[in-house]
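Coordinates in review
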Amino acid sequence: MRDVRRGLGAAAAALLVMAGVALAALLLLGAGRFGDLTALTATVVALAVGGSADVVATPAGALPIAVHGAVDVMPLGVSLAGAVVLGALVLRHGRDGLAVRAATAAVAVVAGVTTISLLSKGNLALRLAGGSGGGSACGPATGAVSRFGGAVDAGFSAAVLPTLTATAVWALVVVGAAALVVRFPALVPGLRVAATVFGVVTAGGVLVAWVFGGAAAAGAVLLVLPQAVSGALLLGLGVPWTLTSDGVLSCAFNGIEPGGAWIWVPVVVLTACAVAAAARTGPGRPLRRAGVFAVVTGVVPAVVTLLSRVSVDLDVTAFGLSIPVLDARLSANPLLALAAGAAAGFASGLLAGAISVSSRAWKR
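This structure is a prediction, so every number in the text was calculated from the model and none was measured.

Applying the stated criterion to the full structure yields four salt bridges. Where Asp-3 meets Arg-101, a salt bridge forms, and the shortest distance between an N and an O atom there is 3.1 Å. A residue pair is termed long-range when its members are at least 10 positions apart, and Asp-3 in helix α1 (residues 2-29) and Arg-101 in helix α4 (residues 98-118) qualify at 98 residues. Here Asp-3 and Arg-101 have matching classes, each one buried. Linking Asp-327 and Arg-329 is a salt bridge whose minimum nitrogen-to-oxygen distance equals 2.6 Å. The class of Asp-327 is partly exposed, set by a relative accessible area of 31%. Classification of Arg-329 as partly exposed rests on a relative accessible area of 31%.

Here it is in structure tokens:
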């Protein structure tokens, strides 16, 4: 029973941290002006574990027109905060009772997020500016939408069944990673360093965003800092992010291409991480260490790339007819991210080994 209580406590702490981060970000963004913060926070938490949100908007007036939308985006700032807390508390008491704690925590997280998703129903108070549009990168529907003007009654909610399925996968991955750490205890120091770095980078990023962009920028950073960092690193490694869109709104924007001028940024970051790893592990086989580092730097960007995909679907229902308006996808190639990250990690690992050897020789 003790490990059952510990598993329940780990799940409750993880959900509270996720809700706290989501609420803090929404407060910084000023989201309370547009809808109920409780429902919005619940929706962000549902999205953070891989769920999706549905939106139905009806322009003011008597016209039988409704806009239906589905948003699928994972705010990794919230996701990682919950994952770190859940994994750390499941691991806190070591191998004894781990299976019970992990199973209890996974079931409790699924039950908790399912309950939270039922609370994520609310309305958004939106107003559309009048005018004919124009000057937009998107196609002819922009002007048509803006002509409605006035108020829009928009309801939003988390899709319960997809959120339930995604939460189960998220919880199993987190507790499975915890079990893997117990199986390979050499991973513990690296994970502690990674968690510390994540906390420091998040705090620093929020502070910098607040200073230069205000509270709204700080809130956005709190939600999507991991996406921003990984996206920037991948661009530096030559991995583009592409936006594809179909429907009436056909946007001219095709993607974000890598810029060669700042490719040194991810190289410097990876080399610094490799040097730190080499310093902690001491002398050893340089090729083997570079290979291990390459696996990590290849798998992590590929996984983050998969989690950072964004999709938005919009369609308009009028007089019984459904018209697709927008089907947009923002994504990067995970296989290309895997290859680029592994290549850069291997080179950085070899360079770190050379630096470590030179440093020891110089000290002698």
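Resuming the write-up.
Next up on the list: the pairing of strand β7 (residues 310-318). The pairing of strand β2 (residues 65-72) with β7 spans eight bridges and is classified as antiparallel. Each bridged residue has a counterpart across the sheet, and for Val-71 the counterpart in β7 is Val-312. Bridging between β7 and strand β8 (residues 321-332) involves nine bridges; their strand directions are antiparallel. What sits directly across from Ala-318, in β8, is Leu-321.

In the predicted model, the protein chain carries a mean pLDDT of 80, and the fraction of residues at 70 or more is 77%. Between residues 130-149, whose pLDDT stays under 50, and residues either more than four places distant or in other chains, the model counts 32 contacts.

What follows deals with the packing of α1 against helix α8 (residues 215-236). Each pair of packed helices can be described by the angle between their axes along with the distance between the axes. Where α1 contacts α8, the axes come no closer than 7 Å and their chain directions differ by 155°. In terms of orientation, α1 lies roughly antiparallel with respect to α8. Crossing of α1 over α8 shows left-handed handedness. In this structure, α1 uses Val-21, Ala-24, Ala-25, Leu-28 and Leu-29 to contact α8, whose residues at the interface are Ala-215, Ala-216, Ala-218, Gly-219, Ala-220, Leu-222 and Leu-223.

For the rest of this paragraph, the subject is the nonpolar core. Counting residues in hydrophobic clusters, the biggest one holds 51 residues, and the most contacted among them are Met-18, Val-78, Leu-86, Val-90, Val-109 and Trp-170. Of all elements in the fold, only α1, α2 (37-48), α3 (76-91), α4, β4 (150-158), α6 (160-183), α7 (187-213) and α8 reach the threshold of two or more residues within this core. With 10 residues, α1 is the largest single contributor of residues to this core. Grouped together as the second largest cluster of nonpolar side chains are seven residues, Val-239, Ala-332, Ala-337 and Ala-340 included.

Time to look at the packing of α4 against α6. Contact pair α4 / α6: the axes reach a minimum separation of 9 Å and the direction vectors enclose 155°. One element, α4, and the other, α6, form an angle in the roughly antiparallel class. Judged by the sense of rotation from one axis to the other, the crossing of α4 with α6 is right-handed. Residues Leu-98, Ala-102, Ala-106, Val-109, Val-110, Val-113, Thr-114, Ser-117 and Leu-118 of α4 lie in contact with α6, whose contacting residues are Val-160, Thr-163, Leu-164, Thr-167, Ala-168, Trp-170, Ala-171, Val-175, Ala-179 and Val-182.

Here Thr-163 shows up in helix α6. Filtering out sequence-adjacent residues up to four positions away, Thr-163 remains in contact with Ala-46, Val-49, Gly-51, Ser-52, Val-113, Ser-117 and Ala-158.

Sheet topology note: the strand β5 (residues 241-246)/β8 ladder contains six bridges and is antiparallel. Residue pairing across strands places Leu-243 opposite Leu-330, the latter belonging to β8. Hairpin connection, β7 to β8: the antiparallel pair is bridged by two residues, and Phe-319 has positive phi, about 55°.

The next subject is α6. Along its 24 residues, α6 runs 34 Å from first to last C-alpha, staying within 8% of the 34 Å computed at 1.5 Å per residue. When α6 is considered as a whole, its buried residues turn out to be Thr-163, Ala-166, Thr-167, Trp-170, Ala-171, Val-174, Val-175, Ala-178, Val-181 and Val-182.

Moving on, we get to α3. Its 16 residues give α3 an end-to-end C-alpha distance of 22 Å, which sits within 8% of 22 Å, the value for a rise of 1.5 Å per residue. Taken residue by residue, α3 has Leu-76, Gly-77, Val-78, Ser-79, Ala-81, Gly-82, Ala-83, Leu-86, Gly-87 and Val-90 as its buried positions.

Attention shifts here to the side chain of Ser-79. The topology assignment puts Ser-79 in helix α3. In contact with Ser-79, other than residues within four places in its own chain, are Ala-48, Met-74 and Trp-170.

About the thresholds
Residues numbered from 1 in each chain as written. Predicted model: local features only at pLDDT ≥ 70, side-chain atom pairs only at ≥ 80, totals over all residues. Heavy atoms only, no water. Salt bridge = Lys/Arg side-chain N within 4 Å of Asp/Glu carboxyl O. Helix = DSSP H or I, 4+ residues; strand = E, 2+ residues; numbered from the N terminus. Buried < 20%, exposed > 50% of the residue type's maximum accessible area, 1.4 Å probe, protein only. Pairing = 2+ DSSP bridges. pLDDT = per-residue confidence, 0-100. Contact = heavy atoms within 4.5 Å. Axes fitted to C-alpha atoms, helices over the stretch in contact; angles between N-to-C directions. Parallel < 35°, antiparallel > 145°, perpendicular 65-115°, else oblique. Left-handed = near helix turned anticlockwise from the far one by under 90°. Core = buried A, V, L, I, M, F, W, Y, C linked by side-chain atoms within 4.5 Å. Expected span 1.5 Å × (residues − 1).

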